[in-house]
Structures are given as C-alpha cells and as structure tokens.
Amino acid sequence: MFSSLKIKNCTLEVPIIQGGMGVGVSLSPLASAVAAEGGAGIISSAALDRLLSKRYNKKFNTYEATYAEVSLAKSKGGVAGINIMVALMRDYEASVKGAIDAGADMIISGAGLPLSLPSIQKPKDTALIPIVSSARALQIICRKWERQGYRPDAAVLEGPLAGGHLGFHFDQIDREENRLENLLPPVKDVARKYGDFPIIVAGGIYTHEDIKRFLELGADGVQMGTRFLATVESSATPEYKEAVLRARREDIVVADNPGSPCGLPFRVLKESPMYVDALHRRRPPRCDKGYVLLKDEEGRFTRCPAKESNESYFCICNGLLSSAGYNPDKEKPLYTVGTNAYRVDRILSVKELMNELKNTGV
Ligand SMILES: Cc1cc2nc3c(=O)[nH]c(=O)nc-3n(C[C@H](O)[C@H](O)[C@H](O)COP(=O)(O)O)c2cc1C
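Numbering of residues starts from 1 in every chain and runs along the sequence as written. Thresholds applied to this predicted model are a pLDDT of at least 70 for local features of residues and 80 or more for the giving and counting of side-chain atom pairs; totals over whole chains, interfaces and linings are not thresholded and use all residues.

## Description of the domain arrangement of the protein chain
Part 1: The start and end points of each domain follow an automatic or database-based domain assignment. In terms of domains, the protein chain is made up of domain 1 (5–236 + 346–358) and domain 2 (238–341).
Part 2: Counting from both sides, the interface comprises 35 residues of domain 1 and, opposite them, 27 residues of domain 2.
Part 3: Secondary structure elements are taken from DSSP: a helix is a run of H or I of four residues or more, a strand is a run of E of two residues or more, and numbering for both begins at the N terminus. Sorting the residues of the side of domain 1 that touches domain 2 by element identifies α2 (48–56), α4 (89–101), β9 (164–165) and α9 (226–229) as the ones contributing at least two each.
Part 4: Taken together, the residues that form the side of domain 1 that touches domain 2 break down as 20 nonpolar, 11 polar and 4 charged. By the convention adopted here, residues make contact when the C-beta atoms placed from their backbones lie within 7 Å. Residue polarity is assigned by list, with Asp, Glu, Lys and Arg as charged and Ala, Val, Leu, Ile, Met, Phe, Trp, Tyr, Cys and Pro as nonpolar; anything else, Gly included, falls into the polar class.

## Comments concerning the site of the ligand
Part 1: For each residue, a C-beta atom is placed from the backbone, and the residue counts as near a molecule or strand when that atom lies within 6 Å of it. Surveying the vicinity of the ligand reveals 30 residues, the closest of which are G19, G163, G164, G225 and G338.
Part 2: Breaking the shell around the ligand down by element, the ones donating at least two residues are β11 (221–224) and α9.
Part 3: The residue makeup of the shell around the ligand, split by class, is 13 nonpolar, 16 polar and 1 charged.
Part 4: For the shell around the ligand, the two domains that each supply at least three residues are domain 1 (5–236 + 346–358) and domain 2 (238–341).

## Here's the deal with the sheet that holds strand β13 (residues 266–269)
Part 1: Two strands make a pair as long as DSSP finds a minimum of two bridges between them. With antiparallel pairing, the 3 strands of this open sheet are ordered in space as β9-β13-β12. What marks the edges here is a single partner per strand, and that holds for β9 and β12 (252–255).
Part 2: The pairing of β9 with β13 spans 2 bridges and is classified as antiparallel. Bridge assignment links G164 to a residue of β13, and that residue is R267.

## Notes on helix α13 (residues 316–323)
Working note: α-helix, 3.6 residues per turn, so residues spaced by three or four point in the same direction.
Part 1: In this scheme every C-beta is placed from the backbone, and a residue whose C-beta has 20 or more other C-beta atoms within 10 Å is buried, one with 12 or fewer is exposed, and one in between is partly exposed. Within α13, 8 of the 8 residues are buried, which leaves the element mostly enclosed by the surrounding structure.
Part 2: All of the buried residues in α13 are I316, C317, N318, G319, L320, L321, S322 and S323.
Part 3: Check the buried side of α13 and you find it contacts α2, α10 (238–246), α11 (273–279) and α12 (305–308).
Part 4: With its phi angle positive at about 85°, G325 sits one or two positions after the end of α13.

## Considerations on the nonpolar core
Part 1: Core membership is restricted to buried Ala, Val, Leu, Ile, Met, Phe, Trp, Tyr and Cys residues, and these are joined into a nonpolar core through C-beta atoms within 7 Å. In terms of nonpolar packing, the biggest core is built from 123 residues, with I107, A155, V201 and V222 touching the most fellow members.
Part 2: When residues no more than four places from it in sequence are discounted, the contact partners of I107 are G81, I82, I84, V96, A99, T126, L128 and I129.

## Re the packing of helix α6 (residues 135–147) against helix α7 (residues 180–193)
Packed helices, taken two at a time, are described by the angle between their axes plus the distance between the axes.
Part 1: It is the contact of α6 with α7, at a shortest axis distance of 8 Å, that shows an interaxial angle of 15°. With respect to each other, α6 and α7 are oriented roughly parallel. Relative to α7, the crossing made by α6 is right-handed. On the side of α6, the interface is formed by A135, L138, Q139 and C142, while α7 contributes P186, V187, D189 and V190. For every element, the axis is a line fit to its C-alpha atoms; helices are fit only across the contacting stretch, and the angle between N-to-C directions ranges from 0 to 180 degrees. Each angle is binned into one of four classes, with values under 35 degrees roughly parallel, values over 145 roughly antiparallel, values of 65 to 115 roughly perpendicular, and all other values oblique. In this scheme the handedness of a crossing depends on how the near helix is turned from the far one: anticlockwise by less than a right angle means left-handed, clockwise means right-handed.

## What to know about α10
Part 1: All of the buried residues along α10 are Y240, A243 and V244. Buried residues in α10, looked at end-on, bunch into an arc of 100°, giving them a common side. In α10, those exposed residues whose orientation departs by more than 90 degrees from the buried face are P238 and E242.
Part 2: Its buried side turned inward, α10 meets α9, β13 and α13. To be clear, the arc concerns the directions from the helix axis to the C-beta atoms.

## Points about the packing of α2 against helix α3 (residues 62–74)
Part 1: At a minimum axis separation of 8 Å, α2 and α3 run at an interaxial angle of 70°. On the basis of their axis angle, the class for α2 and α3 is roughly perpendicular. Of α3, the residues touching α2 (which contributes L48, D49 and L52) are T62, A65, T66, A68 and E69.

## Here's the deal with the environment of I43
Part 1: Positionally, I43 belongs in strand β4 (residues 40–44).
Part 2: The buried category is assigned to I43, around which 33 C-beta atoms lie within 10 Å.
Part 3: In the structure, I43 is positioned 229 residues away from S272 in sequence and 23 Å away in space, judged by C-alpha atoms.
Part 4: With near-sequence residues (within four places) excluded, I43 lies in contact with G20, S26, L27, S28, A31, E69, V70, A73 and I82.

## What about the pairing of β4?
Part 1: Within β4, 5 of the 5 residues are buried, which leaves it mostly tucked inside the rest of the structure.
Part 2: The alternating pattern of β4 places A40, I42 and S44 on one face and G41 and I43 on the opposite face, and all of these are buried.
Part 3: In this structure, β4 lies alongside strand β5 (residues 79–83), joined through 5 bridges in parallel fashion. Across the sheet, I43 pairs through a bridge with I82, a residue of β5.

## Some details on unusual backbone geometry
Part 1: Between G22 and the following residue, V23, the backbone shows a cis peptide bond with an omega angle of 10°.
Part 2: Mapping V23 onto the fold places it in the loop between β3 (16–18) and α1 (28–36).
Part 3: Residue P258 follows N257 across a cis peptide bond; omega there is 5°.
Part 4: With respect to the helices, strands and loops of the structure, P258 is situated in the loop between β12 and β13.
Part 5: Backbone geometry at A47 places phi at a positive 60°, although glycine is not the residue there.
Part 6: When the 23 C-beta atoms within 10 Å are taken as the criterion, A47 is described as buried.
Part 7: Look at D196: it is not a glycine, yet its phi comes out positive at around 55°.

Shown next as structure tokens:
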C-alpha cells in the first residue's frame, strides 16, 4: 500500500488523483466512486451548464451547475474536487465561485496559467492546485500568487504523454528533457523554494509499479486520466469506451493542424469522427456552444478560432459534448486519450481499478 497524502485540509488515503476529464467524462458518478475508494475524485467543469440542464430538464447556469455537481461528487464522502480549464475563460470565474461555495476539496486548474485564481474568491478550505508542464511555469505562478498572498497547496506536473491538451509545443513532445522523470527534479526545487508543497505527476502513469516508481523519484502523488476514462463509472459514451478498447498504439496521435481552438496540441484517437472530418476539411464552420471564446476588440467573449479558421481547427465543444452523449445525432464525436490508451483491454469498475493500483490483490 502507498502512504497517504495531505493537501491543505484533506487527506487522501491513497495518493491517486483521478484527473478531470472534460467534456462530461468525469462527472459525479466517477468522482464520487474514486473518492469513496480513498483517492481524489475530480469532476470537469467543462460545459456543466449544458450537461446538467439536459440531465435535469431544467435550466442551470454555470455557477448553479458547478455547485450542484461538486455537491454530488462529495455526497458519498472522501475527497472530491473539480478541474477548471483556464482556456474556458468566459465561465472561469463562475466555475471557481460555484466550486468554492459548494466546498470542493480542491480546484485543479490548467490549459493555460491560472495566474489570478487566488484572487477570484477567498478559497476557504478549497485547495488551489495549478497544472504545469515546466519548472518555469510553476515559478511564474508562484511569483504571481505570492503577490496575491497565496501559495499553491500542491501542483500537478503534467508531462507530454497525457490525454487532453498538452502544455508542450508539437516539436517538444518527444524530447528527452521533457520526459516526466526529467521534468520532476526542477519542479520539486521550485516547490521547495515556495513552501515545499506536494507535486503530483501526471501523463502516462498506468500501473501500480509506475506509481511506485514516481513516488520513489520524489513525487508526492499521481494524477491519472486514461485508466479512469475506461471505467464503468466514467460518463464517456459506450462508443467512446469501445474505441479505446480497439485502439492500437499507432491509432493515438497528437492533433496540431487541424487542432484544438485552445491553441494547444491535443491528443486524440485518429478514428474520432470529428477529427476525420476536420482532416478532410469536411466540417462546415459552426460555433454555437461558445466555451472556448476569445475576447474581441471591445473585450467581449465573441471570437471562436474554429469559426474564424475552419481549415485549422476542429469544433472541440461540439466534438467533446458528443463524446459524452450530448447531441450525438447532430454532432460527430471527438475522442481524446492518453498515450497508454492502447494498453486498455477491458472496462473495469472504479473499485477494481483502485484495488489494482493499490495492489491489494482483490
Ligand atoms: C478523456 C480525457 C479528458 C481530459 N480532459 C481534461 C480536462 O478537461 N482538463 C484537464 O486539465 N485535463 C484533462 N485531461 C488530462 C487528465 O486530467 C490527466 O492529467 C492526464 O490524462 C494524465 O495522463 P494519462 O491519461 O496518461 O493518465 C483529460 C484526459 C483525458 C484522457
């Protein structure tokens, strides 16, 4: 068994954080199941307003939806929190406020640098945890947060093997210096300088042995996505889970052009119908969801890169919503996975997976 991990005021019995997976893959059924097994269960904030409005057939705004889903994730006990992506700028503050008010144990925030996170609202017992991919990024965040009178309660260091958006340029992904084990020591040094907070590593961690190895290398915990995507409790559609089961190593690619309108490389299954359409420039421009909006000249969130350049980007909001069963008839799905998705050969319950990772032999 691994030793426990303390982050701010909560203690994880096992130092495993289930990574937030948007859109709609890690919701309260997954997060509460992980929390009940002693890890940290993390919902994704992405598009919660739409997902909950559909689930309850009643209109939810971002704040209300976040509050409701965090409360549900915590309802079975244990440690539960939320992942809020900086790239979802329009909804960022409402998501943070809803999470803190609902008593989220942690807010984990990446896909951009969460430079102003501590200033949005007093976090009370909620731990604030940035996701970084380099020591430099962590240093910038620590300096910025210091001026706001806060230091990270922990940080997630995500390497280039992860699922979802990657914090590396396309040509940096395979570099030796960017292997997770090589990124860890300088990141630990920054953490020590700013109060010795825990460093959680993520990206490509698959087995009990992997966890053990990274803890021996000096990590304080791990965050895992792909393993939890392939569980009974994840809210990915059955088609998504089947595509993961089918995937071979060569079927997992990093989409860059066409790529994500967030402007970061994004790892996908090559067979994702939305990606195939984008590759063949078949998808007509559309931007009717508006989560990844940039500000226009007047400071309003109106501009979607996918709409402005349909040649270069795919419609990530619609593609990922479809992968979580929202509007699957109208929109083609987009499947994101980590590099290790080809190793998944069956869908486990969270209990089975956590027992395997803890190596309890059950
Ligand atoms: C389906 C899927 C969706 C993801 N969505 C998000 C997200 O919305 N926000 C985020 O910060 N990371 C996201 N990630 C990254 C995970 O939280 C996690 O850090 C990463 O996948 C770890 O690598 P692994 O999949 O090899 O375990 C996602 C990963 C997957 C597989």
